Amino acid sequence: MSYLDVIVFCILISAKCCSQDVVFPSWFKFGAASAAYQIEGGWNASDKGESMWDKLLHTQPRVAADGANGDVACDSYHLWRRDIEMCVELGLELYRFSISWPRLLPSGFPNHISEDGKNYYNNLINGLLEKGIEPVVTLYHFDLPQSLQDLGGWANPLIADWFADYARVVFTLYGDRVKTWLTLNEPFGICDVGYNLQQAPYLNDTEVGRYLCNKNTMLAHAKAWRLYQEEFKPRYHGKVSLSTLFIWYEPLTPDDKEVTELTIEHWEGRYAHPIFSKEGGWPPRIQQFLDNAAKKEGYHRPRLPTFTAEEIELVRGTYDFYGLNHYTTRKVRKAKFGEEIESWPFYGSKELGIVLENDRSWPLGSVDWFAMYPEGLWKQLHWLKDTYGVQEILITENGYVNVDDDLNDWKRMKYIRDNLEQIQYAIEDGINVTGYIHWTLMDNFEWLAGYKVNFGLYAVNFTDPERKRTPRESARYYSKVTRGRSYDYLHVGLYE
Ligand code: BGC
């Protein structure tokens, strides 16, 4: 046993000794998540259309680390049976995956539905249900058909209807078996990241494009939600929401309180307030802030496009639960005069004149922006309940990034344990958190970081043509959690 192993062992044993056996309620469900482009591969199988990621990484291969792309990824297009087996090994009740829009609708439009695409998802859904695992299906996880990107993508207001047409096809094909739907994964990622050269469509348009995209994602989500409500809910009784990225922010000093509130509105509010607030529309402070900025910059119209009264009504209240992707917490402080502000990976800091820091007392994960501060999740759950009065929250992503591919990923186990503990506290406080979906089932194509970092419960050998999957210690731990319905298993598996 190395010195480090001894320390880890002591930490884990002490965690075990101090913990009580807390059991999650029977209605609380455990799951894991993935996304089409990150795992499927089969980028040109059968009649699949090109996605904007295919296009980006084939034409600008240097954009992602090591020139990587998702052409094969985890090859789940062929290995989906093994993926289901892994869900069974983990004892999952939920498996969240996404549908590739261009795989199902090669032209982007419903003029032609791919037989092959249709069967792929039918097999996956049926295979999961046979094992008693509920599919949680995301309609869109960052992989727009390139044909639609060529027409302006998320900056074109017509996309709201194109998305609703696509959603109708998906609900028609799978609505009899899928009861939990997420329209969009992280519109923040689609717009704020995608229009800031950090993700497809890899545009540098943070001033205008990003905000057009912001508004259009809200309308697209709302149209799909209403469509389900009217045409499918009476028959299928499912629930629809979206996954919203929510990094928790806290003021560094009392003096930074106001700017922290503005930060929360900027990062989260622009994608949550129109849907979840009682009054709808943009969060007022950030709207004002951005309007003033636009005037000073000489724009004749707000950069954040105004919602009409009808649009506010169209979007407001279009949810059946809150889908939360939570990863970490940051401290916010006003930048000092002349201070250089970095905006990666937290976009928009320059615009607000803020600096995001880690609290010295929070341990860091394997990268310098990833603080291990599980209490942030608890605070965020409270904030969501207090601010929007949401009645149900499903954690649709929560996971730990690692830079080495060690199978003994004890920090990930600790991260899961500590986050589950905070969820448990929130439930005890009366917040209705109905499930926890871990990101991610297995290592996969981590966007521009390629295969250099990992989030997986299972490691994947990307140099092996078979893409062998191997459980990490966190997979063993999580399978104890799902079966025992408690997080108090940190000692298990490590030294067996
Ligand atoms: C995204 C995933 C991504 C994960 C880790 C989430 O925001 O939905 O696609 O892999 O973060 O970066």
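Residues numbered from 1 in each chain as written. Predicted model: local features only at pLDDT ≥ 70, side-chain atom pairs only at ≥ 80, totals over all residues. Heavy atoms only, no water.

The protein is annotated in an unreviewed UniProt entry as Myrosinase 1-like of Mythimna separata. The record in UniProt for the protein states the following under Subunit (unreviewed entry): "Homodimer." As stated in UniProt under Sequence similarities (unreviewed entry), the record for the protein gives "Belongs to the glycosyl hydrolase 1 family." (UniProt positions renumbered as here; feature names shortened; annotations may be inferred.)

Enquirer: I'd love a proper account of the overall build of the protein, names of residues and values included.
Expert: Secondary structure assignment for the protein yields 17 helices and 13 strands. Taking 2.2 N^0.38 as the reference for a compact globule, 496 residues should give roughly 23 Å; the C-alpha atoms of the protein span a radius of gyration of 22 Å, in line with that estimate. C-alpha extents for the protein along the principal axes are approximately 65 × 60 × 45 Å. Counting all 496 residues of the protein, 61% fall into the buried class. Of the roughly 19,100 Å² that the protein leaves accessible, carbon and sulfur atoms contribute 53%. Charged side chains of the protein number 52 positive and 68 negative; the gap between the two group centres comes to 2 Å. (Helix = DSSP H or I, 4+ residues; strand = E, 2+ residues; numbered from the N terminus. Rg over C-alpha atoms; globule rule 2.2 N^0.38 Å. Buried < 20%, exposed > 50% of the residue type's maximum accessible area, 1.4 Å probe, protein only. Areas by Shrake-Rupley, 256 points an atom, 1.4 Å probe, with all protein chains shown as cover. Lys, Arg positive; Asp, Glu negative; His and termini not counted. Charge placed at Lys NZ, Arg CZ, Asp CG, Glu CD.)

Enquirer: An account of the packing of helix H15 (residues 375–388) against helix H16 (residues 410–428) is requested, with residue identities and associated values reported.
Expert: Between H15 and H16, whose axes approach to 8 Å, the crossing angle comes to 30°. Judged by the inter-axis angle, H15 sits roughly parallel to H16. For the element pair H15 and H16, the recorded crossing hand is right-handed. Seen from H15, the contacting residues are Glu375, Leu377, Trp378 and Leu381; seen from H16, they are Asn419, Gln422, Ile423, Tyr425 and Ala426. (Axes fitted to C-alpha atoms, helices over the stretch in contact; angles between N-to-C directions. Parallel < 35°, antiparallel > 145°, perpendicular 65-115°, else oblique. Left-handed = near helix turned anticlockwise from the far one by under 90°. Contact = heavy atoms within 4.5 Å.)

Enquirer: Please give an account of the sheet that holds strand E8 (residues 329–334) that cites residues and values.
Expert: Taken together, 3 strands build an open sheet; the order of strands is E6-E8-E9 and the sheet is mixed. On the outer flanks of this sheet lie strand E6 (248–251) and strand E9 (354–357), each paired with one strand and no other. When the angles between neighbouring strand axes are averaged without regard to direction, this sheet yields 35°. Where helix H11 (residues 257–276) meets the sheet, its contacts fall on E6, E8 and E9, and the angle it forms with E6 comes to roughly 165°. (Pairing = 2+ DSSP bridges.)

Enquirer: Describe the site of the ligand, and please don't skip the residues or the numbers.
Expert: Residues in contact with the ligand, as listed here, are Gln38, His141, Asn185, Glu186, Tyr327, Glu397, Trp439, Glu446, Trp447 and Phe455. Between Glu186 and the ligand, the recorded distance is 2.5 Å, taken from a side-chain N or O atom to an oxygen atom. At 3.3 Å, a side-chain N or O of Trp439 approaches an oxygen atom of the ligand. Burial of the ligand by the protein chains amounts to 88% of its free accessible area of 310 Å². Considering only residue class, the shell around the ligand consists of 4 nonpolar, 3 polar and 3 charged. (Near = heavy atom within 4 Å. Polar contact = N/O pair within 3.5 Å; in protein donor to acceptor, adjacent residues only side chain to side chain. Nonpolar A, V, L, I, M, F, W, Y, C, P; charged D, E, K, R; others polar.)

Enquirer: How would you explain the pairing of strand E4 (residues 180–185) if you had to name every residue and give the values?
Expert: For E4, a buried count of 6 out of 6 residues is recorded, marking the element as mostly surrounded by other parts of the structure. Where strand E3 (residues 134–140) meets E4, 4 bridges bridge the pair, whose relative direction is parallel. Looking across to E4, one finds that Thr138 is bridged to Leu182. Where E4 and strand E5 (residues 239–245) come together, 4 bridges link them in parallel fashion. Directly across from Asn185, in E5, lies its bridge partner Ser243.

Enquirer: Which residues make up the sheet that holds E4, and what values go with them?
Expert: Pairing in this closed barrel of 8 strands is parallel, and the strands run E1-E2-E3-E4-E5-E7-E10-E11 around the ring. Between one strand axis and the next, the sheet turns by 25° as a mean value, whatever way the strands run.

Enquirer: I'd like to hear about the pairing of strand E2 (residues 94–98), residue by residue, with values.
Expert: Of all 5 residues in E2, 5 are buried, a share of seventy percent or more. Residue alternation in E2 divides its side chains into two sets, Leu94, Arg96 and Ser98 and Tyr95 and Phe97, and both sets are buried. Relative to E2, strand E1 (residues 29–33) is paired through 3 bridges, and the arrangement is parallel. Note on E2: the bridge partner recorded for Ala33 is Arg96. Of the strand pairs in this sheet, E2 and E3 are connected by 5 bridges, and their pairing is parallel. Within E3, the residue paired with Arg96 across the bridge is Val136.

Enquirer: Describe the environment of Pro274, and please don't skip the residues or the numbers.
Expert: Take Pro274: it is sitting in helix H11. Ignoring sequence-local partners within four residues, the contact set of Pro274 consists of Met218, Gly269, Gly280, Gly281, Trp282, Phe307, Val315 and Arg316.

Enquirer: Give a detailed account of unusual backbone geometry, specifying residues and quantitative values.
Expert: Cis geometry is adopted by the peptide bond preceding Pro201, which originates at Ala200 and carries an omega value of 10°. The residue Pro201 is located in the loop between helix H9 (187–193) and helix H10 (209–236) in this model. Going from Trp439 to Thr440, the amide bond is cis rather than trans, its omega being 15°. Mapped onto the elements of the fold, Thr440 is located in the loop between strand E11 (433–439) and strand E12 (458–460). The phi angle at Phe142 is positive, at roughly 80°, despite the residue not being glycine.

Enquirer: With reference to specific residues and values, describe the side chain of Ser34.
Expert: Inspection of the secondary structure assignment puts Ser34 in the loop between E1 and helix H2 (36–39). Taking relative accessible area as the criterion, Ser34 reaches 1% and is therefore assigned buried. Polar side-chain contacts of Ser34 include one of 2.7 Å to the side chain of Tyr95. Setting aside residues up to four positions removed in sequence, Ser34 forms contacts with Ile39, Tyr95, Arg96, Phe97, Ser98, Trp439 and Thr440.

Enquirer: Summarise the state of the cysteines; cite the residues concerned and give the values.
Expert: Summed over all chains, the structure comprises 1 disulfide. The disulfide that involves Cys191 links it to Cys213, with 2.0 Å between the sulfurs. Taking the sign of the S-S torsion, about -75° here, the bridge from Cys191 to Cys213 comes out left-handed. Here Cys213 lies in helix H10 and Cys191 lies in helix H9, a separation of 22 residues in the sequence. Each member of the pair Cys191 and Cys213 is classed as buried. Take Cys74: it sits in no disulfide, and the sulfur closest to it among the cysteines is that of Cys87, at 12 Å. (Disulfide = S-S within 2.5 Å.)

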